[in-house]
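One letter stands for each residue in the lines below.
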Amino acid sequence: MRTTETDREEELRLVRLAQQGDRGSFSLLIDRHFPPLHEFLFRSLDDGPLAERLACQVFREVEEHLRDLSPDYRLGEWLLALGGGTARKHRLVQERLREGLAPGRPPPVSHPVASTLRALPDPLRETLILVHYLHLSYEATARVLEAPVSAIRRRLHQARREAARLQGFPLDFPCRRLQEELDAHLDGELEPFTVRPLGTHLSTCVSCRKELALLKELQTVLDRYPKTSGTGKPSAGYWAFRDAASGPLPSLPRKPARPRRMYWPLLALLPVQQAQP
């Protein structure tokens, strides 16, 4: 989901029109950003219908605050950030209900990879989903998760090794040099000044070559997790929500003006009118 400058300009145009009350433009924004938001929520929760309902909920929240959106803000990344918070809250509620109703029983999963993703901590899981499944750049992922790029690289490195361990891959590689660069090499995020050192190291280090081959195999395993659990098409609920977005934007009530407050020390500078005898 890496956007070009042309895509960015088109999105800004649609956002401006939607802020002016054009519901057709808002409907086009839904069509543009609903699929990645739904996929992010689905892979976070392993529940297609639930992911669709939560995606509609996120869009309703965006609709309420669309007029406050800064023109230079990235709408797609904002949606993913809101979706991540929504998924974390829902997961917490699910876990508490499960502990109360069926303690010790593991949650049902639709695919072995879903079980692996569920076992990862939230920061690692979200980073892996955004980079691997949604193909966000490291910088875009950092903006969505509000973390520095260095933290994204570290989380991705940890997420892939933990996912490999959960999948039963061997992890007894003694070399620890340039390990995060192996992930960047897979994701096309390798810094230019590290390309040659990495190539030189791989030509001499058998351990790192094996680890790189393992990571590529892990990529294949992760890709076996289907995109949705259903037909792969939006349900009637999505189309009902989209059709509801074709009407006029509701007029927002203006906030009443706050009364101006007098700065009391300035009162001493005002002329005092003497009372008439």
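Further remarks concern the overall build of the protein. For the protein, the count of helices and strands is twelve helices and zero strands. Along the chain direction, N to C, the helices and strands of the protein fall in the order α-α-α-α-α-α-α-α-α-α-α-α. Taking all contacts inside the protein whose residues are at least 6 apart in sequence as the whole, residues at least 24 apart take part in 70%. Carbon and sulfur atoms form 55% of the exposed surface of the protein, whose accessible area is close to 16,700 Å².

Empty space among the atoms becomes apparent when a probe as large as a water molecule is rolled across them. Under the criterion given, the structure shown has three cavities of 30 Å³ or more. Volume-wise, the largest cavity comes out at about 40 Å³. If you list the elements that add at least two residues to the lining of the largest cavity, you get α2 (23–45) and α5 (112–119). Residue classes in the lining of the largest cavity are distributed as three nonpolar, one polar and five charged.

Here, disulfide denotes a covalent bond that connects the sulfur atoms of two cysteines. Counted under the stated rule, the structure contains zero disulfides. Considering cysteine sulfurs only, Cys208 is the nearest to Cys205, which forms no disulfide, with 3.6 Å between them. Note on Cys208: relative accessible area 0%, which makes it buried.

In the Ramachandran plot, His135 falls in the positive-phi region, its phi being about 60° despite a non-glycine side chain. With a phi close to 55°, Glu146 is a non-glycine residue in the positive phi region. You can see Glu146 is positioned in the loop between α7 (138–145) and α8 (149–166). Here Glu146 falls in the exposed class, since its relative accessible area comes to 72%.

Right, let's talk about the packing of α5 against helix α6 (residues 122–133) for a bit. Running from amino to carboxyl end, α5 crosses α6 at an angle of 135°, the nearest separation of the two axes being 8 Å. Between α5 and α6, the angle falls in the class oblique. In this structure, α5 uses Val113, Leu117 and Arg118 to contact α6, whose residues at the interface are Arg125, Leu128 and Tyr133.

Moving on, we come to the nonpolar core. Formed by 70 residues in total, the largest nonpolar core has its most connected members in Phe59, Val62, Leu75, Leu80, Leu130, Tyr133 and Leu134. The leading source of residues in this core is α2, at nine residues.

Residue His33 marks the point of greatest curvature in α2, where the axis turns by about 40°; the proline Pro35 follows within four residues. Most of α2 is tucked away: 18 of the 23 residues are buried. Here α2 starts with a cap whose side-chain oxygen sits 3.0 Å from the backbone nitrogen of Gly24, and that cap is Asp22.

Tracing the chain through its elements places His33 in helix α2. Within the structure, His33 has its side chain in polar contact with the side chain of Glu11 (distance 2.8 Å). Excluding residues within four positions of it along the chain, His33 makes contact with Glu11, Phe59, Leu75, Gly76 and Leu79.

Using the criterion set out here, one finds 13 salt bridges in the structure. Between Glu39 and Arg43 there is a salt bridge whose closest N-O contact spans 3.0 Å. Of the two residues, Glu39 and Arg43 both sit in helix α2, four residues apart, roughly one turn of that helix. Like Arg43, Glu39 is buried. Arg153 is paired through a salt bridge with Glu181; the nearest N and O atoms lie 3.5 Å apart. Remark: Glu181 occurs in helix α9 (residues 179–187) and Arg153 occurs in helix α8; sequence separation between them is 28 residues.

A word on the packing of aromatic side chains. How two aromatic rings sit relative to each other is set out by the distance from centre to centre and by the angle between their planes. Per the stated rule, a full pass over the model turns up three aromatic pairs. Taking 6.2 Å as the distance between ring centres and 20° as the angle between the ring planes, the aromatic pair formed by Phe34 and Phe59 counts as stacked. You can see Phe34 sitting in helix α2 and its partner Phe59 sitting in helix α3 (residues 48–64), a full 25 residues away along the chain. Ring centres of Tyr133 and Tyr225 lie 6.5 Å apart, and the angle between their planes is 80°; on these two criteria the pair is classed as edge-to-face. Placement of Tyr133 in helix α6 and of Tyr225 in the loop between α11 (206–223) and α12 (236–244) is noted, with a sequence separation of 92 residues between them. Neither residue differs from the other here; Tyr133 and Tyr225 are each classed as buried. Of the aromatic side chains, those joined through ring pairs into one cluster are Phe42, Tyr133 and Tyr225.

Calculation criteria
Residues numbered from 1 in each chain as written. Predicted model: local features only at pLDDT ≥ 70, side-chain atom pairs only at ≥ 80, totals over all residues. Heavy atoms only, no water. Helix = DSSP H or I, 4+ residues; strand = E, 2+ residues; numbered from the N terminus. Contact = heavy atoms within 4.5 Å. Areas by Shrake-Rupley, 256 points an atom, 1.4 Å probe, with all protein chains shown as cover. 1 Å grid on protein atoms, 1.4 Å probe; cavity = no way out; pocket = protein on both sides within 12 Å on 5 of 7 lines; lining within 4 Å. Points joined across faces, edges and corners; volume = space filled by probe spheres on them. Nonpolar A, V, L, I, M, F, W, Y, C, P; charged D, E, K, R; others polar. Disulfide = S-S within 2.5 Å. Buried < 20%, exposed > 50% of the residue type's maximum accessible area, 1.4 Å probe, protein only. Axes fitted to C-alpha atoms, helices over the stretch in contact; angles between N-to-C directions. Parallel < 35°, antiparallel > 145°, perpendicular 65-115°, else oblique. Core = buried A, V, L, I, M, F, W, Y, C linked by side-chain atoms within 4.5 Å. Bend = angle between axes of the 7 residues up to and from the residue. Polar contact = N/O pair within 3.5 Å; in protein donor to acceptor, adjacent residues only side chain to side chain. Salt bridge = Lys/Arg side-chain N within 4 Å of Asp/Glu carboxyl O. Phe/Tyr/Trp six-rings, centres within 6.5 Å; stacked < 30°, edge-to-face > 60°.

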